[in-house]
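Coordinate analysis (summary)
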Amino acid sequence: MVTSISFSYPDEKFWGSYSELWHQSTHRSPFQSPTYIRFLADLYPNDLVIYQCMRGEQLIGATFFRRDNGTIDFLSEIKSDHNFFTLHSDCTQAELTGFFRGLMKEVKKNDLSLVLNYQPSWAGYMDAFISEGKKSGLFWEVSNHSVCPALDCETPEEVMQRFNKVKNLRYYVNRLKKQQSAVFEAFSDAEELDKWNEQFCDCHVKRWEDTPTPSKYSDPEMRRFQKGCLEAWAKEGLLCRFSVRVGEERIAFNMALRQGNDLVGHSQAYDPEFSKYSPGKAIMYFIGEWMLEQGISKIDFGKGGESYKYGMTNVDLPLYKIFVSGYGNVPFVLKSKLETTARANPKFIKIYRGKIKPRLQQAKQWAQTGVKRLF
């Protein structure tokens with residue numbers, strides 16, 4: 001096997017090989033799917049870093065990174081809930097070890113600094129990755145960065161059994177239907193995608209206006225980006241969209257992505273004017289019914305440990321943040337050590353998420369608004 005790294009946009013032959021690899025990969029993450037990752041690559045063609053592993057003429061491993069302010073991040077981090085390495089399902093243990101050993105050699109050779117957010121601790125290759133990182137002679141630090149709460153059941157019937165035990169969940173559905181004549185919708189293709197996306201963005205802006213964390217979808221460019229992401233996922237049959245419609249108005253939205261036979265919740269919004277009807281919770285019960293029809297028994301609620309998720313989940317899937325660089329990059333090493341130490345302190349994290357982060361986000365929004373007004 002041969003590993004290599006490139007810093008340029010790949011040719012069509014590579015894209016064909018990558019598509020074959022992804023379809024035969026262990027996890028088939030929607031955030032690494034060929035159409036989606038190419039959509040992102042087309043947005044940042046000059047910042048790409050691609051690491052690959054060949055077994056003869058066959059591509060058995062590949063990862064897309066992006067240069068960002070002096071560090072190397074996963075390209076998919078632009079919009080994802082977790083970032084998998086794409087590895088062929090028939091890779092041997094020796095090949096997994098070689099893949100990550102080769103990556104560490106490229107980091108050292110090219111004097112790179114990696115910041116790998118939202119690394120799935122449950123990935124089948126994670127033990128090999130951590131082992132090679134520790135033996136590499138590089139600065140290597142792992143932080144428990146976040147979690148993905150999930151409902152992981154033996155059967156789809158068990159999913160509905162659990163949802164039926166959540167207080168008032170079914171009641172919210174019935175009340176919306178009786179009092180508002182609500183219609184629950186499910187889309188698994190590109191039907192009404194443009195209109196649906198615009199309504200989602202409008203609803204998201206309305207939901208978060210006048211809060212410390214206003215919606216990014218007030219920016220037309222972010223709406224276009226979101227539409228491009230949805231189109232890429234829909235093209236590969238990975239996108240599942242759910243909504244609650246009252247008359248011609250959609251008042252709640254939830255988008256999820258297929259990962260094999262699992263579902264990954266990705267984004268949601270609801271109209272605050274209908275908050276007394278709890279449409280965000282009602283739509284989850286509808287998704288449970290849809291999962292039963294589709295034969296799906298696991299739903300990952302996406303990154304973040306928000307309290308609303310825990311009434312409907314039975315497992316926490318830890319997400320790591322991994323820092324890798326040469327020890328000569330002293331500012332990077334010190335900053336990484338400081339962040340890892342801070343995240344190991346639950347009290348600090350609670351204060352940061354509840355008070356510091358919202359104020360930083362608000363200050364950033366004010367600054368962006370000020371710049372737009374100025375120009």
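Up top is the structure these notes are about.
This report concerns the structure included in the present document. (Residues numbered from 1 in each chain as written. Predicted model: local features only at pLDDT ≥ 70, side-chain atom pairs only at ≥ 80, totals over all residues. Heavy atoms only, no water.)

1. Points about unusual backbone geometry
One non-glycine residue, Asp-111, lies in the positive phi region at around 55°. Looking at where Asp-111 falls in the secondary structure, it is placed in the loop between helix H3 (93–109) and strand E6 (114–120). Of the residues examined, Asp-111 reaches a relative accessible area of 63% and is grouped as exposed. Here the phi dihedral of Ser-181 falls at roughly 50°; this positive angle occurs in a residue that is not glycine. When you line up the elements, Ser-181 lands in the loop between helix H6 (169–180) and strand E8 (183–187). Classification of Ser-181 by relative accessible area gives exposed; the value is 53%. (Helix = DSSP H or I, 4+ residues; strand = E, 2+ residues; numbered from the N terminus. Buried < 20%, exposed > 50% of the residue type's maximum accessible area, 1.4 Å probe, protein only.)

2. Here's the deal with the packing of helix H7 (residues 193–208) against helix H8 (residues 220–235)
Remark: H7 packs on H8, axes separated minimally by 10 Å, with the N-to-C direction vectors making an angle of 135°. Between H7 and H8, the angle is such that the two are oblique. Considering how the two elements wind past one another, H7 and H8 form a crossing that is right-handed. Only Arg-223, Gln-226, Lys-227, Leu-230, Glu-231 and Ala-234 of H8 make contact with H7, whose side of the interface consists of Leu-193, Asp-194, Trp-196, Asn-197, Glu-198, Phe-200, Cys-201, Asp-202 and Val-205. Class assignment for the residues of the contact of H7 with H8 results in seven nonpolar, two polar and six charged. (Axes fitted to C-alpha atoms, helices over the stretch in contact; angles between N-to-C directions. Parallel < 35°, antiparallel > 145°, perpendicular 65-115°, else oblique. Left-handed = near helix turned anticlockwise from the far one by under 90°. Contact = heavy atoms within 4.5 Å. Nonpolar A, V, L, I, M, F, W, Y, C, P; charged D, E, K, R; others polar.)

3. Side note on the nonpolar core
In terms of nonpolar packing, the biggest core is built from 36 residues, with Tyr-18, Phe-64, Phe-200 and Trp-233 touching the most fellow members. Of all the elements in the fold, those that place two or more residues in this core are helix H1 (12–23), helix H2 (34–43), strand E2 (48–55), strand E3 (58–68), H7, H8, strand E10 (249–259) and strand E11 (262–270). Element by element, the count of residues in this core is highest for H8, at six residues. Sequence-distant contacts of Phe-200, defined by excluding residues within four places in its chain, comprise Tyr-217, Gln-226, Phe-253, Met-255, Ser-267, Gln-268 and Ala-269. (Core = buried A, V, L, I, M, F, W, Y, C linked by side-chain atoms within 4.5 Å.)

4. Structural notes on the pattern of salt bridges
The final tally for this structure, using the stated rule, is 21 salt bridges. Among the salt bridges present, the one from Asp-202 reaches Arg-223, with a minimum N-O distance of 2.8 Å. One end of the pair, Asp-202, is in helix H7; the other, Arg-223, is in helix H8, and 21 residues separate them in sequence. Overall, the relative accessible area of 43% leaves Asp-202 in the partly exposed class. Salt-bridge contacts for Arg-343 lead to Glu-339; the nearest nitrogen and oxygen are separated by 3.4 Å. With Arg-343 and Glu-339 both in helix H10 (residues 330–343) and four residues apart, this pair spans about one turn of that helix. Salt bridges sharing partners connect three or more residues here, namely Glu-185, Glu-192, Arg-245 and Arg-250. (Salt bridge = Lys/Arg side-chain N within 4 Å of Asp/Glu carboxyl O.)

5. Some points on the pairing of E10
Most of E10 sits inside the fold, with 10 of its 11 residues counted as buried. Bridging between strand E9 (residues 239–246) and E10 involves eight bridges; their strand directions are antiparallel. In the strand pairing of E10, Leu-239 is matched with Leu-257. Here E10 runs beside E11; their pairing, made up of eight bridges, is antiparallel. Note that in E11 the partner of Met-255 across the bridge is Ser-267. Connecting the antiparallel pair E10 and E11 is a turn made up of two residues, with Gly-260 showing a positive phi of about 65°. (Pairing = 2+ DSSP bridges.)

6. Details of the environment of Leu-75
Residue position: Leu-75 is located in the loop between strand E4 (71–74) and strand E5 (86–87). Since its relative accessible area comes to 0%, Leu-75 is described here as buried. As for Leu-75 and Pro-120, which are separated by 45 residues in sequence, their C-alpha atoms are 16 Å apart. The contacts of Leu-75, once residues within four sequence positions are left out, are Ile-37, Leu-40, Ala-41, Leu-48, Phe-64, Phe-65 and Arg-66.

7. Some points on the packing of aromatic side chains
Enumeration over the complete set of coordinates arrives at 34 aromatic pairs. A ring pair is formed by Phe-129 and Trp-140, whose centres lie 5.1 Å apart and whose planes are at 85°; its orientation type is edge-to-face. Taken together, the residues Phe-129 in helix H4 (residues 126–135) and Trp-140 in strand E7 (residues 139–152) connect sequence positions 11 residues apart. Here the aromatic residues Tyr-51, Phe-65, Phe-74, Phe-85, Phe-99, Phe-100, Tyr-125, Phe-129 and Trp-140 are joined through ring pairs into a cluster of three or more. The side chain of Lys-303 reaches across the aromatic face of Tyr-118, ending 5.0 Å from its centre. (Phe/Tyr/Trp six-rings, centres within 6.5 Å; stacked < 30°, edge-to-face > 60°. Lys NZ or Arg CZ within 6 Å of the ring centre and 35° of its normal.)

8. Description of the side chain of Ser-146
Relative to the helices and strands, Ser-146 resides in strand E7. By relative accessible area, Ser-146 is classed as buried at 14%. Of the polar contacts made by the side chain of Ser-146, one reaches the backbone nitrogen of Gly-304; its length is 3.4 Å. Beyond its immediate sequence surroundings of up to four residues, Ser-146 is in contact with Tyr-118, Lys-303, Gly-304, Leu-317, Pro-318 and Leu-319. (Polar contact = N/O pair within 3.5 Å; in protein donor to acceptor, adjacent residues only side chain to side chain.)

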